[in-house]
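Structure at a glance
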Amino acid sequence: MKHILKTFFISLLCLLLCACNSAGTDSGADNSANSDKAKGEISFTDDDGIEISLDKPAERIISLYSAHTENLYYLGAGDRLIGAYKTSTFPPEAAFLERYDYNGDPETLIAAAPDLVIIRPFVRDKAPDYVRAIENAGITVVSLYPDRFEEFDDYIKKLASLTGTEDRAEELLADFHGEIDRISGLTSSIEPKQSIFFESTDTNVRTVTADSMAGLAIDLAGGINIAGDAQPVSEGSSIAPFGEEKVLINADNIDVYVSQRGSMNSGASKQGISERAGFESVKAIKNDRFYTINEKLISSPSFRYVKGVRELARYLYPEELDDISAYENDSAATKRSFADIVFLKKHLPVFVPSSSSYYENEYSGHTYGLFEDIPWTDRDFDSIETCVSDGYIEGRKDGDKEYFDPDAPVTRDMLAQTVFVMGDFTSTSDSADIADISESEHPRIVKTLVQNGVFELVDGKFEPKRQVTNNEIIKALEFVK
Amino acid sequence: MKRKLLVLLGAAVIAGSMLLGGCARQTDGTSPAEDTAEVSEQGTEAEMSGAEVTADADKKAVFVVSFGTSYNETREKTIGAVEKAIAEAFPDYEQRRAFTSQTIIDKVNERDGEKIDNVTEAMDRLLADGFGTVVIQPTHVMNGEEYDEMKALTSPYEDKFASIKYGQPLLTSSDDYETVINAIAADTPQIADKTNAVVFMGHGTEHFANATYAALDYRFKAMGYDNVFVGTVEAYPDFDKIKSDLAAYNAQKVVLIPLMIVAGDHATNDMAGDEEDSWKTQLKKEGYEVECVMKGLGEYPGIRDMFVAHCEDAMTEEAE
């Protein structure tokens with residue numbers, strides 16, 4: 001009810017605002033510039049109250065907020081970005097954009113000759129001189145930030161109008177809301193409901209307000225928010241005080257404990273939580289249902305928010321959300337289906353790099369998002385990246401390029417390695433005699449797993465190169481505790 | 001990049017407090033006695049009372065310097081335990097603590113409101129509180145970069161006290177190696193089972209003291225522990241060297257143990273983490289059973305005794 005009222009109020013406000021802004025233009029209530037397309041004009045009032053007017057979509061854009069960067073890539077306008085703020089590390093290619101910093105010298109940005117700089121009100125507040133210098137150089141600056149989830153569509157439509165990607169925006173928004181509705185529809189019918197505590201900062205164990213994006217995600221994921229009535233630290237803030245004491249009062253009721261982590265807030269880790277006095281009595285900690293979530297997934301106005309909602313729902317209702325019935329068959333397994341099965345069957349939390357300086361380092365193993373054959377738009381991007389980052393499935397390096405080979409067959413040898421790494425297997429003394437062990441790349445693993453009954457031999461042979469079926473993967477994973 | 005910024009920030013803080021300290025000493029006047037209580041709480045500010053004049057060689061402090069950790073429980077088990085052992089051994093000395101990591105100091109302060117000194121702050125307070133004899137005992141594993149940086153911060157104070165002496169880091173003399181190995185072996189039953197390979201993970205450094213790790217590995221073997229290997233996260237012996245040693249040893253099971261005073265972030269992530277690049281995951285991929293011992297060196301009684309002994313050596317050494 002509260003939400004409905006709020007939505008109504010905001011819509012009303014939008015209508016009023018739009019009516020005022022559109023004086024002189026013929027755009028209607030929907031100020032997404034869709035209706036202006038024929039005229040080739042882009043006009044709206046940005047979130048700093050400045051009238052924006054562009055003759056044509058921007059070609060050379062610098063984004064000074066990571067969510068803008070993400071959304072522009074989703075909209076298909078990534079190729080028009082010539083630079084971004086340093087926290088822009090998603091999609092992975094954004095990490096390689098030229099960096100511009102509003103704490104630095106505006107001349108470096110001006111010298112890059114962008115035709116549009118997209119900021120948020122926070123940037124103008126924090127660095128007014130920097131923004132003014134850009135405006136004085138004759139460069140269009142647009143400030144956007146949806147304070148509430150209900151303003152997300154409008155925000156996206158403005159981004160779309162700036163880049164002439166209105167049709168793509170419609171599709172994305174439909175998919176976005178469709179998936180959120182699917183998740184909330186699925187979780188709303190589940191009983192009994194699970195309770196969750198969401199920790200937004202390690203300092204003073206703060207939570208989020210119920211109407212923040214993270215607070216809303218808890219509702220959408222069908223969770224009961226332990227701190228649902230927490231009030232903001234200051235008006236308009238999404239952060240709300242809570243405190244260790246109140247957590248401990250609710251110790252028996254917290255089914256799931258989620259700690260938000262991000263570049264500005266390192267957040268509580270599993271070890272940090274476990275060392276807090278009394279926290280071992282919290283139900284979620286006792287039952288190993290503590291999770292960390294990257295703030296970019298849950299508190300940032302981007303299309304990735306749907307992933308954050310899905311993650312919370314998976315933490316709350318793993319069996320209902322992670323449905324592997326589509327893989328319960330005897331089809332030959334590929335690495336793609338393998339990753340999906342492992343991800344769903346073992347309810348792996350999605351891997352997202354936690355540091356905005358992630359791409360400044362070199363990794364001996366896989367680097368997130370850099371598989372040539374699994375772009376970030378791939379439907380199985382999350383399950384594949386998670387399985388590889390957790391060390392359960394390997395990719396392949398060819399020079400400085402990385403490949404996952406999603407269509408490659410899964411062999412018994414590969415499955416054995418995955419099961420061994422995921423589980424806790426001990427070699428028993430009765431060593432199995434395996435005729436073709438020399439053909440295996442992981443003889444030690446194969447011997448141990450055969451001894452543990454995970455694999456059966458066929459005529460004394462392991463047959464390491466034989467392709468497995470999806471059902472065989474599911475069966476082997478049963479042995480992982 | 002972030003780390004560099006933090007280091008710069010830390011340096012700025014230290015530089016700032018040094019300046020303050022410098023200025024403070026010029027003022028003089030009030031009787032020091034009435035300021036003592038205030039001094040101990042307010043640090044450099046209280047120094048304005050001209051504590052320098054009151055330095056009393058019989059007022060003795062043992063000053064324990066550690067890198068630090070933000071995990072409270074871990075801290076008490078490791079750094080705290082070393083400090084406790086030293087405090088118990090030398091009741092005539094008042095004990096002071098400092099961390100060298102400004103990031104950790106700031107984090108603990110912000111989160112818990114607990115104020116831990118950095119080296120300069122602690123030195124200023126010792127001065128202000130009228131200590132004349134100070135024994136500085138680092139809990140560093142070796143005479144590396146951390147130790148050098150600490151000395152760079154404490155040496156400007158050397159002529160301000162009647163006596164400043166330094167206890168040595170853990171691995172300094174040739175005998176230290178043998179004592180460390182005995183202390184570890186006494187509390188690591190896994191070493192006795194030769195079907196296990198036991199790998200100690202050190203930090204590693206660009207400092208020339210990095211040779212300490214290879215020397216320790218060598219000494220383990222010389223003492224008959226041919227199933228023990230010493231590697232580092234950031235230098236040599238690196239993980240590839242460890243993997244080839246393990247293959248040559250033909251181990252079935254590998255026991256991973258941090259060679260660090262505190263089993264902190266490196267032990268949790270680089271050694272025992274669940275991600276693909278941790279030592280645990282990489283060794284499991286090769287088919288080893290892996291056991292991780294999350295125990296910092298500060299948790300071994302024999303190691304704590306060594307720090308006490310190093311401290312005592314410093315106290316009894318002849319003044320130069």
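Residues numbered from 1 in each chain as written. Chains lettered and ligands numbered in written order. Predicted model: local features only at pLDDT ≥ 70, side-chain atom pairs only at ≥ 80, totals over all residues. Heavy atoms only, no water.

This part takes up the overall build of chain B. When helices and strands are tallied, chain B shows 13 helices and 8 strands. For chain B, the proportion of its 320 residues judged to be buried stands at 53%. A separation of at least 24 residues holds for 74% of the contacts in chain B among residues at least 6 apart in sequence. Counting every atom, chain B has about 14,100 Å² of accessible surface; 51% of that belongs to carbon and sulfur. (Helix = DSSP H or I, 4+ residues; strand = E, 2+ residues; numbered from the N terminus. Buried < 20%, exposed > 50% of the residue type's maximum accessible area, 1.4 Å probe, protein only. Contact = heavy atoms within 4.5 Å. Areas by Shrake-Rupley, 256 points an atom, 1.4 Å probe, with all protein chains shown as cover.)

Interface size, as often reported, equals the accessible area lost upon joining of the parts. Counting residues at the interface gives 32 residues for chain A and 25 residues for chain B. Buried area between chain A and chain B, both sides added, is near 2,300 Å², and the carbon and sulfur share of it is 41%. Counting the surface chain A buries against chain B, the share from its top three residues, Gln271, Glu275 and Arg444 of chain A, is 28%. The interface formed by chain A and chain B holds 1 salt bridge in total. Between Lys285 of chain B and Glu394 of chain A there is a salt bridge whose closest N-O contact spans 3.3 Å. Run the count over chain A and chain B and you get 16 residue pairs in polar contact (both at pLDDT 80 or more). For the side of chain A that touches chain B, the secondary structure elements donating two or more residues are α10 (270-274), α16 (381-389), α17 (412-422) and α18 (443-451) of chain A. Partitioning the side of chain A that touches chain B into residue classes produces 7 nonpolar, 18 polar and 7 charged. (Buried area = accessible area lost by both parts, 1.4 Å probe. Salt bridge = Lys/Arg side-chain N within 4 Å of Asp/Glu carboxyl O. Polar contact = N/O pair within 3.5 Å; in protein donor to acceptor, adjacent residues only side chain to side chain. Nonpolar A, V, L, I, M, F, W, Y, C, P; charged D, E, K, R; others polar.)

The next thing to look at is a negative patch on the surface. A cluster of like negative charges, contributed by Glu145, Asp148, Glu149, Glu206 and Glu234 of chain B, occupies part of the molecular surface. Take Glu206 of chain B: it is sitting in the loop between β5 (196-202) and α9 (211-222). (Patch = residues over 30% accessible without salt bridge, like charges linked within 9 Å, V, L, I, M, F, W, Y side chains within 5 Å. Lys, Arg positive; Asp, Glu negative; His and termini not counted. Charge placed at Lys NZ, Arg CZ, Asp CG, Glu CD.)

Take the pattern of salt bridges next. Considering all chains together, one arrives at 42 salt bridges over all chains under this definition. With a shortest N-O distance of 3.8 Å, Lys193 of chain A and Glu191 of chain A are connected by a salt bridge. What makes Glu191 of chain A exposed here is its relative accessible area of 60%. In this structure, the salt-bridge partner of Asp112 of chain B is Arg111 of chain B, at a minimum N-O distance of 2.9 Å. One connected set of salt bridges, linked through shared partners, spans Arg336, Asp378, Arg379 and Asp380 of chain A.

What follows concerns helix α13 (residues 301-316) of chain B. Residue and element names in this part refer to chain B. Taking 1.5 Å of rise per residue, the 16 residues of α13 would be expected to cover 22 Å, and the 22 Å separating its terminal C-alpha atoms lies within 8% of that figure. Buried residues of α13: Ile303, Met306, Phe307, Val308, His310, Cys311, Ala314 and Met315, and no others. Structurally, α13 contributes buried residues whose contacts are with β1 (56-66), α4 (79-89), β3 (131-138), β4 (163-166) and α8 (174-186). (Expected span 1.5 Å × (residues − 1).)

All names here are of chain A. One can describe the packing of helix α15 (residues 335-345) onto α17 by two numbers: an axis separation of 12 Å at closest approach and a directional angle of 20°. Between α15 and α17, the angle falls in the class roughly parallel. Note on packing geometry: the crossing formed by α15 with α17 is right-handed. Facing Lys335, Phe338 and Val342 of α15, the residues of α17 in contact are Met414, Leu415, Thr418 and Met422. (Axes fitted to C-alpha atoms, helices over the stretch in contact; angles between N-to-C directions. Parallel < 35°, antiparallel > 145°, perpendicular 65-115°, else oblique. Left-handed = near helix turned anticlockwise from the far one by under 90°.)

The next thing to look at is unusual backbone geometry. Between Glu191 of chain A and the following residue, Pro192 of chain A, the backbone shows a cis peptide bond with an omega angle of -5°. Turning to its location among the elements, Pro192 of chain A is positioned in the loop between α7 (166-188) and β7 (195-199). Backbone torsion omega between Tyr236 of chain B and Pro237 of chain B reads 0°, so that peptide bond is classified as cis. Inspection of the secondary structure puts Pro237 of chain B in the loop between β6 (228-232) and α10 (239-249). Phi at Asp459 of chain A takes a positive value of approximately 50°, unusual for a residue other than glycine. Inspection of the secondary structure assignment puts Asp459 of chain A in the loop between α18 and α19 (470-477). The exposed category is assigned to Asp459 of chain A, whose relative accessible area is 76%. In this model, Glu463 of chain A sits at a positive phi of 55°, which is unusual for a non-glycine residue. Counting through the fold element by element, Glu463 of chain A comes out in the loop between α18 and α19. For Glu463 of chain A, a relative accessible area of 26% translates into the label partly exposed.

Here the focus is the domain arrangement of chain A. Residues and elements named next belong to chain A. Looking at chain A, the domain boundaries give domain 1 (31-164), domain 2 (173-317) and domain 3 (322-481). Centre-to-centre separation of domain 2 and domain 3, based on C-alpha positions: 30 Å. Across the boundary between the two partners, domain 2 contributes 10 residues, which contact 12 residues of domain 3. Taken as a group, Asn294, Lys307 and Arg314 account for 52% of the area that domain 2 buries against domain 3, more than any other trio of residues on that side. Counting across the interface, domain 2 meets domain 3 through 2 salt bridges. Among the salt bridges present, the one from Arg314 reaches Asp322, with a minimum N-O distance of 2.7 Å. Summed over the shared surface of domain 2 and domain 3, the result is 5 residue pairs in polar contact (both at pLDDT 80 or more). (Domains from an automatic or database assignment.)

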